[in-house]
Amino acid sequence: GESVGLHLPTLSVQEGDNSIINCAYSNSASDYFIWYKQESGKGPQFIIDIRSNMDKRQGQRVTVLLNKTVKHLSLQIAATQPGDSAVYFCAENVQQGAQKLVFGQGTRLTINP
Amino acid sequence: DGGITQSPKYLFRKEGQNVTLSCEQNLNHDAMYWYRQDPGQGLRLIYYSQIVNDFQKGDIAEGYSVSREKKESFPLTVTSAQKNPTAFYLCASSILGMEQFFGPGTRLTVL
């Protein structure tokens with residue numbers, strides 16, 4: 001069925017290092033992908049998105065890469081800071097014309113001082 | 001102050017009771033969504049609405065009901081038919097085709 005999964009449930013990096021969070025998706029027809037950050041007890045916060053006609057998109061300290069050939073999505077965070085510690089979710093839009101998102105289970109990112 | 005509000009933040013329910021969770025947005029978004037999140041899990045779609053007076057079932061709609069009488073409001077009722085309602089409930093809204101913005105969530109506990 002439709003699903004979005006993550007390769008690593010947890011990731012620890014040193015403060016200042018770059019981190020990469022990976023995501024595999026299963027629906028080849030998905031046209032839109034989003035990364036969210038969720039801190040404990042709070043709602044998800046939008047980080048960055050990418051449409052299926054793009055391979056790469058950059059924001060402030062974040063980059064999303066999309067590889068449609070292998071149905072893989074990644075989030076790169078540069079120069080990680082303690083405030084980056086959170087759970088990161090990828091989501092894919094599985095229904096064009098309506099934003100019906102399917103979320104992955106999340107990766108917990110911990111930044112070590 | 002624009003955004004999405006959910007109330008209450010914490011809600012306790014006895015078995016067999018229906019409860020209604022509130023979601024309001026002043027972002028003038030057409031679409032609104034309800035998700036359920038269980039511990040250590042991702043979000044699962046319960047219901048969504050793209051326009052007033054219309055809504056569609058998501059992946060786990062059984063035991064839930066919604067209404068969309070006003071553009072800014074999308075209340076969710078958790079009925080007694082929902083066998084395992086204890087969870088974190090998240091409401092979101094969006095411009096159609098754009099990213100969803102989430103509220104702070106309501107944590108529902110069945111006693």
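What counts and how
- Residues numbered from 1 in each chain as written.
- Chains lettered and ligands numbered in written order.
- Predicted model: local features only at pLDDT ≥ 70, side-chain atom pairs only at ≥ 80, totals over all residues.
- Heavy atoms only, no water.
- Disulfide = S-S within 2.5 Å.
- Helix = DSSP H or I, 4+ residues; strand = E, 2+ residues; numbered from the N terminus.
- Buried < 20%, exposed > 50% of the residue type's maximum accessible area, 1.4 Å probe, protein only.
- Contact = heavy atoms within 4.5 Å.
- Buried area = accessible area lost by both parts, 1.4 Å probe.
- Salt bridge = Lys/Arg side-chain N within 4 Å of Asp/Glu carboxyl O.
- Polar contact = N/O pair within 3.5 Å; in protein donor to acceptor, adjacent residues only side chain to side chain.
- Nonpolar A, V, L, I, M, F, W, Y, C, P; charged D, E, K, R; others polar.

Applying the stated criterion across every chain, the model contains two disulfides over all chains. Bridging cysteine 23 of chain A to cysteine 90 of chain A, the disulfide has an S-S length of 1.8 Å. Residues cysteine 23 of chain A and cysteine 90 of chain A are joined by a disulfide whose S-S torsion is about 55°; by sign, that bridge is right-handed. Residue cysteine 23 of chain A is located in strand β3 (residues 19-25), and its partner cysteine 90 of chain A is located in strand β9 (residues 86-93); the two are separated by 67 residues in the primary sequence. Classification of cysteine 23 of chain A by relative accessible area gives buried; the value is 1%. The buried category is assigned to cysteine 90 of chain A, whose relative accessible area is 0%. A sulfur-sulfur separation of 1.9 Å characterises the disulfide bridge that pairs cysteine 23 of chain B with cysteine 91 of chain B.

A word on the interface of chain B and chain A. Each partner contributes to the interface: chain B provides 23 residues, whereas chain A provides 21 residues. Area buried by chain B at its contact with chain A is led by Leu43, Glu99 and Phe102 of chain B, which between them contribute 25% of it. In this assembly, chain B and chain A are joined by one salt bridge. One salt bridge in this structure joins lysine 100 of chain A and aspartate 59 of chain B, with 3.6 Å as the shortest N-O distance. Where chain B touches chain A, the interface holds six residue pairs in polar contact (both at pLDDT 80 or more). Breaking the side of chain B that touches chain A down by element, the ones donating at least two residues are β4 (31-37), β5 (43-51) and β9 (87-94) of chain B. With four residues, β5 of chain B is the single largest residue contributor to the side of chain B that touches chain A. Grouping the amino acids of the side of chain B that touches chain A by side-chain chemistry returns ten nonpolar, nine polar and four charged.

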